[in-house]
Amino acid sequence: MTETWIILGATSAMARAFARALADRGAGLVLAARDLDEAEQQARDLRLRGAGFARAVAFDARRPEGFAALFENLGEGPVNAAVFAGAMPDQSAIDADPALIAAVCETNFTGPARVLSLLAPRIEAQGTGVIVGVGSVAGDRGRLGNYVYGASKAAFATYLSGLRNRLARRGGHVMTVKPGFVDTAMTWGLGGMFLVASPEAVAAAILKGVEARRNVIYVPGFWRAIMAIIRAIPEPIFKKLKI
Amino acid sequence: MRWSEGEWHGWGRALRAHGRLARPEKRADLAAILHDMPCPAIGNARSYGDACLNGDGAAIRMTRLDRVSDFDPETGELTAEAGVTLGALLRLFAPRGWMPPVLPGTGAVTLGGAIANDVHGKNHHGAGSFGQHVTWLRLLGADGVAREVRPGSDLFRATVGGLGQTGVILDVGLRLAPCPGQAVQVRESRIAGLDTFLDRLGESRATYCVGWIDATARGAGLGRGILEEAEIAAGAPPPVSPRAPATVPFDAPGALLSAPVVRAFNAAYLSRVPADGRDRQRALPEFFFPLDRISAWNRLYGRRGFHQFQCVLPHGSDARLRELLEDVAASKLASPLAVLKRLGDGRAGDLSFPMAGWTLALDLRNRPEAAELIDRLEARVVASGGRVYLAKDALAAPERVARMYPALSQWADAVRQADPDGVFATDLVRRLRLREASE
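Looking up chain B in an unreviewed UniProt entry gives the name FAD-binding oxidoreductase, with the organism given as Mesobaculum littorinae.

As annotated in an unreviewed UniProt entry, chain A is SDR family oxidoreductase from Mesobaculum littorinae. Entered under Sequence similarities (unreviewed entry) in the UniProt record, the comment concerning chain A runs "Belongs to the short-chain dehydrogenases/reductases (SDR) family."

In structure tokens form, the structure reads like this:
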């Protein structure tokens, strides 16, 4: 009985690498994305790479009426989920149009959280199942350059922490992933990037973390140390820094 | 769609471009770029000179559009996006008994790049060039319209080997070849000199055949080297996987590839093979992609990079080939990488490189003496009716290239029709004035 994974934000580079790694081991895949044509192109790729099945489903984190469709025809095996959905508008765009704050929170936090809350009873009933939630190191501290994005990721991380607490009692597992800089469309062309990880390296780290039932992973791992330092800076000093 | 502004270069690193690069991850993003700001597409930038450069302009890196979308396990017919690498295709399909029919020396080449340069492999004398195995392709034109292009049309001949000038290759239909095993059985023979080498290359019946030459050797040893003849070992399991490739973490100092070092290295490399030869079984990627054994090896040539000179000389110009090698050996500029192969006459495009004869490839550290040497070598190539490989070229002059490629004007006509405004022009095309050619 093969595993099934629902992947939210399936067309992102990290999600793509993760889905390919799952297809390698024959998993069934539900690819949830806004761009349905793109998700279907990807589904064909994953089927040829060995996925038990691969299905594209239209998904917009800001349109909850479509969430139920994610749970149709999921196959026989245990259902798992991975959340890669995310949006990072420029902070300056948000400053100019504060209405974007709600959109960012819907995409990065409330939308995915609603889907996971719909899935949670099923995982409790299965008595097994994994949820991978991709947050960001940006959620560890509010910084000048992207604090609305960071706030939404922090909220999502807190939600995941609570969900972990809930599902752990019934055999489920929730892993929070905090990637640093990853070589994707989100970082392409941005200045100030360093030690950039490939999407494939992140995908491999996620699978390894799931295997070891880790609770929170930073990828690459050194970001844990970097963020520990950044979190330790006293607020009176931090507020004067531009990092 | 964000652009990345900065400097980029081909594999040789001697020529560089400053400009903007996009790297779409979705087909819709690519379509938007072509609509808003059409510019040439590049693959993994594994061509050596300026074929992949567009200085003070923009280019689209296709590497993230790399999905396979259809495969028929009965016939081996594959459909895939142009950004997938040939190494990835080999990895994916070899265990199922299929492989790309033509593989160049690195697996990092993309499908689109393999077509745009009509690449060849160690089996060219039998299998022909890459483009001969392409059954159709979908080309995004300068007008943003996607067209299916099939063999037999002028647009197909202008696109295969056409250096990206007719449009952006989006999807490709490719006929894979059967891959009967997961290992390659290689016979390595030591070859004493050029005459023997040409005899042995000419006589060989092996499917895969390639010669490594000690380009520092002179006199009686001129053209000595190692001949590799290989077949896929039917039914063989993959050999114990070789080590992960080593990498070159920084630009090496110039002295690393100085003449005495190269001479000593080559002598040692040659003597690894016993006088009566040896048989070895090697993993598929290890045999097909010798250039990938050390990643980022182009840094061995230092910050200023290197040139690869690759030419083909038609049969009957053996004496000319000898002169070429004598000039190289006397120059003391040779590096360990020097390859001699036999080519057949298979080619699929107007500007395809192959012709029946001998092809010689040499890496030369970028310095003024190397450019002078290459200039002399090119003159000999033109005189013999041969040509240089545009995927490697950084230095040739327009008049010479026009003489080397007799179908150039036909190609230029098709390109001007497909892209009248020249939005897909690259540094190489401008340098060699390829689009201006006419009868």
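Here the narrative resumes.
Draft legend 1. Structural context of the nonpolar core. Residue and element names in this part refer to chain B. With 104 residues, the main nonpolar core has Phe130, Phe288, Leu340 and Leu434 as its most contacted residues. Each of domain 1 (68–179) and domain 2 (183–399) contributes no fewer than three residues to this core. Setting aside chain neighbours within four positions, we find leucine 340 in contact with Leu194, Phe197, Leu198, Leu201, Val210, Gly211, Ile213, Leu321, Trp358, Thr359 and Leu360.

Draft legend 2. Region of the structure containing the interface of chain B and chain A. Contacts between chain B and chain A engage 22 residues on the former and 22 residues on the latter. In total, chain B and chain A occlude about 2000 Å² of area from one another, counting both sides; carbon and sulfur atoms represent 46% of this. On the chain B side of the interface with chain A, the three residues burying the most area are Arg2(B), Arg23(B) and Arg67(B), jointly 32% of the side's total. The tally of links from chain B across to chain A stands at five salt bridges. Put simply, Arg20(A) and Asp66(B) hold a salt bridge, and the shortest N to O gap is 3.1 Å. Taken together, the links from chain B to chain A amount to 17 residue pairs in polar contact (both at pLDDT 80 or more). Those elements giving two or more residues to the side of chain B that touches chain A turn out to be strand E2 (16–22), helix H1 (27–36) and strand E5 (68–71) of chain B. If one sorts the elements of the side of chain B that touches chain A by residue count, E5(B) sits on top with four residues. The residue inventory of the side of chain B that touches chain A, partitioned by class, reads eight nonpolar, two polar and 12 charged.

Draft legend 3. Focus on the pattern of salt bridges. Using the criterion set out here, one finds 50 salt bridges over all chains in the structure. The partner of Arg166(A) in a salt bridge is Glu124(A), with the nearest N and O atoms 3.0 Å apart. Taken together, the residues span a long stretch of sequence, with Arg166(A) in helix H5 (residues 147–168) and Glu124(A) in helix H4 (residues 100–126) at a distance of 42 residues. The salt bridge involving Glu378(B) is made with Arg400(B); its shortest N-O contact spans 3.1 Å. On the criterion of sequence distance, the pair formed by Glu378(B) in helix H10 (residues 368–383) and Arg400(B) in helix H11 (residues 398–404) is long-range, its members being 22 residues apart. Several salt bridges converge on common partners, so that one network encompasses Glu38(A), Arg27(B), Arg67(B), Glu81(B), Arg138(B), Glu148(B), Arg150(B) and Asp171(B).

Parameters and conventions
- Residues numbered from 1 in each chain as written.
- Chains lettered and ligands numbered in written order.
- Predicted model: local features only at pLDDT ≥ 70, side-chain atom pairs only at ≥ 80, totals over all residues.
- Heavy atoms only, no water.
- UniProt positions renumbered as here; feature names shortened; annotations may be inferred.
- Core = buried A, V, L, I, M, F, W, Y, C linked by side-chain atoms within 4.5 Å.
- Buried < 20%, exposed > 50% of the residue type's maximum accessible area, 1.4 Å probe, protein only.
- Domains from an automatic or database assignment.
- Contact = heavy atoms within 4.5 Å.
- Buried area = accessible area lost by both parts, 1.4 Å probe.
- Salt bridge = Lys/Arg side-chain N within 4 Å of Asp/Glu carboxyl O.
- Polar contact = N/O pair within 3.5 Å; in protein donor to acceptor, adjacent residues only side chain to side chain.
- Helix = DSSP H or I, 4+ residues; strand = E, 2+ residues; numbered from the N terminus.
- Nonpolar A, V, L, I, M, F, W, Y, C, P; charged D, E, K, R; others polar.

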